[in-house]
Amino acid sequence: MVHFTAEEKATIMSLWGKVNVEEAGGEALGRLLVVYPWTQRFFDNFGNLSSASAIMGNPKVKAHGKKVLTSFGDAVKNMDNLKGAFAKLSELHCDKLHVDPENFRLLGNVMVIILATHFGKEFTPDVQAAWQKLVSGVATALAHKYH
Amino acid sequence: MALSAADRALVRALWKKLGGNVGIYTTEALERTFLAFPSTKTYFPHLDLSPGSAQVKALGQKVAEALTLAVDHLDDLPGALSALSDLHARKLRVDPASFKLLGHCLLVTLARHYPGDFSPALQASLDKFLSHVISALASKYR
């Protein structure tokens, strides 16, 4: 189980407080679909995904991205019990959505890159390290109930 | 998964913009890698890995030179990186999974320093370029 120091928690929560979840969510999901086009396999009914600009401007991508990142907010609130917090979502992603957990790792890394573009100087190596721990913990928690 | 003309153009344009500062960014990427992914430090027990270390800077410079070589030879990455692949396979024996971690941290570094340039399209092309470099580096492993 991943353990966060008090410092890491403070670092994460401080940055999270400044994130525009709606905007960042759309950007994260959009970039995932652009950079790793095979991830589009889960979104056949999203309409036009034919180019980077189509993807980034797609309203369904933005809406779903917001949903995903809002859920990520639960991770920030439950860093001491990620597996518990994401148990139901883990079952959903396995049983209903059939998502390969590798996709969670890809999305986590895309999120880290977006935080870097938004926060620049503030996104120091230490801050990144704390966030890598969190995205890795969330990916593991989401994969935990797979069978 | 070959690099398209558009990929090459984007990568070359960025590299031109980085100019003589590539070493600064590869050094920062190494620093980020060691902090975020401590397992990568196991390859450097003989080095001082603390922030600001001259040895990490020297290592960063080597990585910068290799990447610049790669950018200059996008048409033949396996050929251009053959000697480096031999080195990493026979002598250094770094697990190729670690290359991916450094690659990711390089993307983070570039995103942090060039947010305005770091469009989804550039991110995609850079990610592809780095995965080709990693592939070429690992090509002599077995």
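Residues numbered from 1 in each chain as written. Chains lettered and ligands numbered in written order. Predicted model: local features only at pLDDT ≥ 70, side-chain atom pairs only at ≥ 80, totals over all residues. Heavy atoms only, no water.

For chain B, the name recorded in an unreviewed UniProt entry is Hemoglobin subunit theta-1, with Daubentonia madagascariensis as its organism. In UniProt, chain B has this text filed under Sequence similarities (unreviewed entry): "Belongs to the globin family." (UniProt positions renumbered as here; feature names shortened; annotations may be inferred.)

Labelled according to UniProt, chain A appears under the name Hemoglobin subunit epsilon, originating from Daubentonia madagascariensis. The heading Subunit in the UniProt record of chain A holds the text "Heterotetramer of two alpha chains and two epsilon chains in early embryonic hemoglobin Gower-2; two zeta chains and two epsilon chains in early embryonic hemoglobin Gower-1." Among the UniProt annotations of chain A, the heading Sequence similarities holds the following wording: "Belongs to the globin family."

(A) How the structure looks around the nonpolar core. Core analysis: the largest hydrophobic core is formed by 76 residues, its most contacted members being A:F72, A:F123, A:W131, A:L134 and B:F129. Ranked by the residues each element gives to this core, the list is headed by helix α7 (residues 102-119) of chain A, at 11 residues. Once residues within four sequence positions are removed from consideration, A:F72 is found in contact with A:W16, A:M111, A:W131, A:L134, A:V135 and A:V138. (Core = buried A, V, L, I, M, F, W, Y, C linked by side-chain atoms within 4.5 Å. Buried < 20%, exposed > 50% of the residue type's maximum accessible area, 1.4 Å probe, protein only. Helix = DSSP H or I, 4+ residues; strand = E, 2+ residues; numbered from the N terminus. Contact = heavy atoms within 4.5 Å.)

(B) Quick peek at the UniProt feature "binding site: heme b" in chain A. Residues and elements named next belong to chain A. The sites that UniProt annotates as "binding site: heme b" are H64 and H93. What stands out for the annotated residues spanning 30 residues is how close their C-alpha atoms remain, the widest pair being 14.5 Å apart. The topology assignment puts H64 in helix α4 (residues 59-77). When its relative accessible area of 25% is taken as the criterion, H64 is described as partly exposed. Those residues in contact with H64 that lie beyond four places of it in its chain are L29, F43 and F46. By the secondary structure assignment, H93 is in helix α6 (residues 87-96). Judged by relative accessible area, H93 falls into the buried class, the value being 17%. Discounting chain neighbours no more than four positions away, the residues touching H93 are H98, V99, F104, L142 and Y146. Looking at H93, its side chain comes within polar contact range of the main-chain oxygen of L89, at 2.7 Å. (Polar contact = N/O pair within 3.5 Å; in protein donor to acceptor, adjacent residues only side chain to side chain.)

(C) View of the UniProt feature "modified residue: Phosphoserine" in chain A. Residue and element names in this part refer to chain A. When the UniProt feature table is mapped onto this chain, "modified residue: Phosphoserine" is found at S14 and S51. Spanning 38 residues, the named residues are also spread out in space, since their farthest C-alpha pair is 34.6 Å apart. Among the structural elements, S14 can be located in helix α1 (residues 6-16). Owing to a relative accessible area of 30%, S51 belongs among the partly exposed residues under this scheme.

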